[in-house]
Amino acid sequence: MNLPQEIAEACAPLFEALPLERAMGELLGSHPKQTALVEKVLANPVLSNRPELCSALWLYVDDLERSHTISQSIDGATGSYWHGIMHRREGDFGNSRYWHRRATGHPLLVGQPEGLVGEVERVRGKNPAELVEKQRQEWLALFEWCANTP
């Protein structure tokens, strides 16, 4: 991951316990794991005042409820983007589209403002490896962008 050193160090225990290739393995659903570790990681002052990173880390461990609580309070396109991803992961595709439209203009949403919403909706209930990987790469791109944007 391309992260500032202090953020990489703060997140290292989580990313070591749950590497990206094992995280977010299902397109839909919430089966939280490693939540105690996320709580510990988020206690680090480097992360505690970065709600976009906090929301992202809850998504990373499939705790959609906690991610939602945080993402809905983040103003602007970045908060809307995390919010839209969260609703897609819970299977609320209409709400996901709404939040992705609100994220229009975000530098990572070039071309298709709805991101993976339609693709995930079409395969509802299945987890094709290529879409799971797209989901991980989308998360990674947005997480890195947030971490590197003051």
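Bear in mind that the values here come from a model prediction, so they are computed numbers and not experimental data.

## Describing the overall build of the protein chain
Then, number 1: Counting its secondary structure elements, the protein chain contains nine helices and zero strands.
Then, number 2: Reading the helices (α) and strands (β) of the protein chain from amino to carboxyl end gives α-α-α-α-α-α-α-α-α.
Then, number 3: Projecting the C-alpha coordinates of the protein chain onto the three principal axes gives extents of approximately 40 × 30 × 25 Å.
Then, number 4: The 150 residues of the protein chain split such that 49% are buried.
Then, number 5: Contacts in the protein chain between residues far apart in sequence, at least 24 positions, make up 66% of those at least 6 positions apart.
Then, number 6: Once the 15 positive and 20 negative side-chain charges of the protein chain are each reduced to a mean point, those two points are 5 Å apart.

## A few points about the packing of aromatic side chains
Then, number 1: Taken as a whole and assessed by the stated rule, the structure comprises six aromatic pairs.
Then, number 2: Ring plane angle 85° and centroid distance 6.0 Å describe the contact between phenylalanine 15 and phenylalanine 143, whose orientation is recorded as edge-to-face. Separated by 128 residues along the polypeptide, phenylalanine 15 in helix 1 (residues 5–17) and phenylalanine 143 in helix 9 (residues 129–148) bring together distant segments of the chain.
Then, number 3: On the basis of an interplanar angle of 85° and a centroid distance of 5.1 Å, the ring pair of tyrosine 98 and tryptophan 99 is categorised as edge-to-face.
Then, number 4: By relative accessible area, tryptophan 99 is classed as buried at 16%.
Then, number 5: Taken together, Phe15, Tyr60, Trp139 and Phe143 form an aromatic cluster joined through their ring pairs.

## A short note on helix 9
Then, number 1: With 20 residues, helix 9 ought to run about 28 Å at 1.5 Å a step, and its terminal C-alpha atoms sit 28 Å apart, in line with that.
Then, number 2: In the core, the buried residues of helix 9 are packed alongside helix 1, helix 4 (51–60), helix 6 (76–90), helix 7 (93–102) and helix 8 (117–122).

## Looking at the packing of helix 4 against helix 9
Then, number 1: The contact between helix 4 and helix 9 brings their axes to 10 Å, and the two run at 155°. With respect to their mutual orientation, helix 4 and helix 9 come out roughly antiparallel. Relative to helix 9, helix 4 is oriented so that their crossing is left-handed. Residues Glu52, Leu53, Ala56, Leu57, Leu59 and Tyr60 of helix 4 lie in contact with helix 9, whose contacting residues are Trp139, Phe143, Cys146 and Ala147.

## Here we look at the packing of helix 1 against helix 4
Then, number 1: Between helix 1 and helix 4, the least distance of the axes is 12 Å, while the angle of their chain directions is 15°. If you check the angle between helix 1 and helix 4, you find them roughly parallel. When you trace helix 1 past helix 4, the crossing you get is right-handed. Across the interface between the two elements, Ile7, Cys11, Leu14 and Phe15 of helix 1 pack against Leu53, Leu57 and Tyr60 of helix 4.
Then, number 2: In terms of residue class, the contact of helix 1 with helix 4 is built from seven nonpolar, no polar and no charged.

## What to know about the environment of isoleucine 85
Then, number 1: Tracing the backbone shows isoleucine 85 in helix 6.
Then, number 2: Residue isoleucine 85 is classed as buried on the basis of its relative accessible area of 4%.
Then, number 3: Expressed as a C-alpha distance, the spacing of isoleucine 85 and serine 96, which sit 11 residues apart in the sequence, is 6.6 Å.
Then, number 4: With sequence-adjacent residues up to four places away left out, isoleucine 85 is seen in contact with Leu59, His100, Glu138 and Leu142.

## Section: the side chain of serine 80
Then, number 1: Along the chain, the position of serine 80 falls in helix 6.
Then, number 2: Classification of serine 80 by relative accessible area gives buried; the value is 4%.
Then, number 3: The residues touching serine 80, leaving out its near neighbours within four places in the chain, are Ile74, Trp99, Arg102 and Ala103.

## Some thoughts on the side chain of serine 71
Then, number 1: Of note, serine 71 is situated in helix 5 (residues 64–71).
Then, number 2: Dropping the residues within four chain positions of it, serine 71 is found in contact with Ser55, Gly79, Trp82 and His83.

Conventions and cut-offs
- Residues numbered from 1 in each chain as written.
- Predicted model: local features only at pLDDT ≥ 70, side-chain atom pairs only at ≥ 80, totals over all residues.
- Heavy atoms only, no water.
- Helix = DSSP H or I, 4+ residues; strand = E, 2+ residues; numbered from the N terminus.
- Buried < 20%, exposed > 50% of the residue type's maximum accessible area, 1.4 Å probe, protein only.
- Contact = heavy atoms within 4.5 Å.
- Lys, Arg positive; Asp, Glu negative; His and termini not counted.
- Charge placed at Lys NZ, Arg CZ, Asp CG, Glu CD.
- Phe/Tyr/Trp six-rings, centres within 6.5 Å; stacked < 30°, edge-to-face > 60°.
- Expected span 1.5 Å × (residues − 1).
- Axes fitted to C-alpha atoms, helices over the stretch in contact; angles between N-to-C directions.
- Parallel < 35°, antiparallel > 145°, perpendicular 65-115°, else oblique.
- Left-handed = near helix turned anticlockwise from the far one by under 90°.
- Nonpolar A, V, L, I, M, F, W, Y, C, P; charged D, E, K, R; others polar.

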